[in-house]
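# Examining the three-dimensional arrangement
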Amino acid sequence: MEQQTLQIEILPNGPMVVYGSCTLKVSGEIQKIEKEKTFLCRCGASEKKPFCDGSHKKIGFQG
């Protein structure tokens, strides 16, 4: 069985990008993510937390 490398990139003033499949535990619930790229919120304003919905642009997030 080949092991995949998981990469995480933090975009300037934007979300974290997770490259590859992963498992997230959010509020006790486990979610299996099987996508090439997943965008996770860093600004706290997303209506789709933990996923990014672009709210960082609307609020002028700096980070």
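Every chain is numbered on its own, with residues counted from 1 as its sequence reads. This being a predicted model, a pLDDT of at least 70 is required before a residue's local features are given, and a value of 80 or more before pairs of side-chain atoms are given or counted; all residues contribute to the totals for chains, interfaces and linings. As a rule here, side-chain values come from all non-hydrogen atoms in the structure, and water together with hydrogens is ignored.

Under an unreviewed UniProt entry, the protein has the name Iron-binding zinc finger CDGSH type domain-containing protein and belongs to Raineya orbicola.

### A few points about the sheet that holds strand β1 (residues 7-10)
Here is the rule: Pairing between two strands requires that DSSP report at least two bridges joining them. Put simply, DSSP marks the helices as runs of H or I at least four residues long and the strands as runs of E at least two long, and each gets a number from the N terminus on. Helix axes use the C-alpha atoms of the stretch in contact, all axes being lines fitted to C-alpha atoms, and the angles between their N-to-C directions lie in the range 0 to 180 degrees.
Pairing is antiparallel across the open sheet formed by three strands, whose spatial order is β1-β2-β5. A strand with exactly one partner marks an edge of an open sheet, and here the two such strands are β1 and β5 (37-40). Across this sheet, the average inter-strand angle for adjacent strands is 20°, counted without regard to direction. Pairing of strand β2 (residues 16-19) with β5, which is carried by four bridges, proceeds in the antiparallel orientation. Each bridged residue has a counterpart across the sheet, and for Val 17 the counterpart in β5 is Phe 39.

### Regarding the environment of Gly 20
This is how the line gets drawn: In what follows, a contact means two residues having at least one pair of non-hydrogen atoms within 4.5 Å.
Following the sequence through the fold, Gly 20 ends up in the loop between β2 and β3 (22-26). In this structure the C-alpha to C-alpha distance between Gly 20 and Ser 55, which are 35 residues apart in sequence, comes to 23 Å. Not counting residues up to four positions away in its chain, the partners in contact with Gly 20 are Leu 6, Lys 35 and Glu 36.

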